[in-house]
Amino acid sequence: MSLRILYSVRLFSGLDHPVQVGRWEPTGVPTIFKVMEALDQGPHALHFVLSAPDGTSPWTKAEDVTLTLDGLRTPVDVLAGQAAIPRLFGRLRRVLRDLRQAWAVVRIARREKPDVIYLDHANVWAAGVLGRMMPGKVLFRVMGVYPVMRRALDAPSLKLRALRWCYRAPFGLVVCSQDGSGVEGWLDRALRPEVPRVRVINGVDPLPESTGAIHPALEALPQGKTVVLSVGKLEKAKGADCFIDAFLKAWSQDPTQLHALVVGTGSLDQALQQRVAEAGASEAVTFIPRLPFAQVAEARRRSDIYVSLNRLGNLSNANLEAMLLGQCMVFPQAQPESGIDVATDALIPTDAVARIPHAGDIDALAAVLLALHRDPAERQRMGGAIRQAAEGFLGSWDRRIGWELSLIERLGRGELRGAAPNAISAPHEQVADGIAP
């Protein structure tokens, strides 16, 4: 049975390059692009929509465009961001951008009358409207829970009350990534009690061997030193500044045997490099802004300790890859008051990862780095323990995406109507929800 599917999500940073060059070569967000690819290869009538954000996105066109990308059969509509809103509206431009994009998606849905409307949180305003206009047809995709989403449940401001109203729409299904961000409590409080919902850990595939030339900066990493790796955006929310401060503190205790590898870019890029230079540690820290996926795998293999200071949860794609590879890992303890990393602790034995009290505890991180640096046997033991744990709850991306595709099709065929809120199973469901079977 062929379905009509409207798939509308944010223009994520990993999709910027494909829409700019006209070739389907996504560099991130496998949760999104792998579903798009699976749908594109299937029998359904599709309409893809990407909504441009602002700030970090290089997409600045002032008009909506329809693109045909090499490698993708289905054309893609790209909705303009704030560039479509006159500057005279000042700080209202962002709100007007959101409303403009939402109205565009609503118009498409009204015109095409799809069997399934797949919307992510960037389309929350459209989800709130279409969830009520076309009850039971909207699949609302939540990729973790952010602070504003928690505040919306209680805050009195008009915007957050409107968000709360959107979350209470009669969705056909809510699929939420189990990324350790405390999704359990949020789903129970945000959604209508009768709305079917399921939490699932992202997929992960064995890291590929590098093909072709190795990045020169990786080739130049020092031999015989302990290499400490950080992968992610260079932003305060990701703890990039705390990582550098903690590494420099540890390095000052053993400047000849410690080296840091920082893969990522962001607003703190120049400031962090300057901080390293002022400490006289430029030769001890390697910065690489971007690496292809296979080269990131090579960076992991050439590192001894991997640090994640993600304040919002530590079951991210990057961390799952590190777990499956068996890297010696350091990340913050759970935050029971918010639910952050409670699910992570349920999955990972206490002795498989070095945990520090919180992401900003520079002294604790420096001490852990020095301890692990001086104990290679402990690093090896921890790596084996985390790999063994990961093999018990991680599945391949093919299985993970196949499962989500089947949910989309079941929703379109009406098979999920009347389903109990927690009746839908997930791959490795005994741990995908962060609970015991």
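Preceding block: the structure.
Residues numbered from 1 in each chain as written. Predicted model: local features only at pLDDT ≥ 70, side-chain atom pairs only at ≥ 80, totals over all residues. Heavy atoms only, no water.

### Concerning the pairing of strand 7 (residues 173–177)
Counting buried residues in strand 7 gives five out of five residues, a clear majority hidden from the surface. Every second residue of strand 7 is oriented toward a common face, with Leu173, Val175 and Ser177 on one face and Val174 and Cys176 on the other, all of them buried. Relative to strand 7, strand 6 (residues 138–142) runs parallel, the two being bridged by four bridges. In the sheet register, Arg141 faces strand 7, and the bridge partner there is Val175. (Buried < 20%, exposed > 50% of the residue type's maximum accessible area, 1.4 Å probe, protein only. Helix = DSSP H or I, 4+ residues; strand = E, 2+ residues; numbered from the N terminus. Pairing = 2+ DSSP bridges.)

### Comments concerning a nonpolar patch on the surface
Together, Leu88, Phe89, Leu92, Val95 and Leu99 make up a nonpolar patch on the protein surface, roughly 510 Å² of accessible area in all. Checked against the element boundaries, Val95 lands in helix 3 (residues 93–112). We classify Val95 as partly exposed; its relative accessible area is 42%. (Patch = residues over 30% accessible without salt bridge, like charges linked within 9 Å, V, L, I, M, F, W, Y side chains within 5 Å. Areas by Shrake-Rupley, 256 points an atom, 1.4 Å probe, with all protein chains shown as cover. Salt bridge = Lys/Arg side-chain N within 4 Å of Asp/Glu carboxyl O.)

### Here we look at the environment of Pro18
By the element assignment, Pro18 lies in helix 1 (residues 13–21). Taking C-alpha positions, Pro18 is 40 Å from Pro336, a pair spaced 318 residues apart along the chain. With residues near it in sequence (within four places) discarded, Pro18 still touches Arg23, Trp24, Glu25, Pro26 and Leu69. (Contact = heavy atoms within 4.5 Å.)

### Notes on the nonpolar core
In summary, soluble globular proteins display a tendency toward joint burial of nonpolar side chains. Counting residues in each nonpolar core, the largest one holds 41 residues, and the members touching the most others are Tyr7 and Leu39. The dominant element in this core, judged by the number of residues it contributes, is helix 16 (residues 397–412), at seven residues. Ignoring any residue separated from it by four or fewer positions in sequence, one finds Tyr7 in contact with Ile32, Val35, Met36, Leu39, His47, Phe48, Val49 and Tyr118. Core analysis: the next-biggest nonpolar cluster, separate from the first, contains 39 residues, Ala104, Val105, Ile108 and Ala126 among them. (Core = buried A, V, L, I, M, F, W, Y, C linked by side-chain atoms within 4.5 Å.)

### Things to note about the pattern of salt bridges
Overall, the coordinates contain 22 salt bridges when judged by the stated rule. In this structure, Lys249 and Asp363 form a salt bridge, with 3.5 Å as the shortest nitrogen-oxygen distance. Taken as a pair, Lys249 in helix 9 (residues 240–251) and Asp363 in helix 14 (residues 362–373) lie far apart in primary sequence, 114 residues in all. Look at Lys249 and you get partly exposed, because its relative accessible area is 41%. Residues Glu415 and Arg413 are paired through a salt bridge, measuring 2.8 Å at the closest nitrogen-oxygen approach. The partly exposed category is assigned to Glu415, whose relative accessible area is 45%. Owing to a relative accessible area of 39%, Arg413 belongs among the partly exposed residues under this scheme. One network of salt bridges, with partners in common, ties together Asp54, Arg97 and Asp98.

Everything listed here is a matter of coordinates, which is why it stays silent on function.
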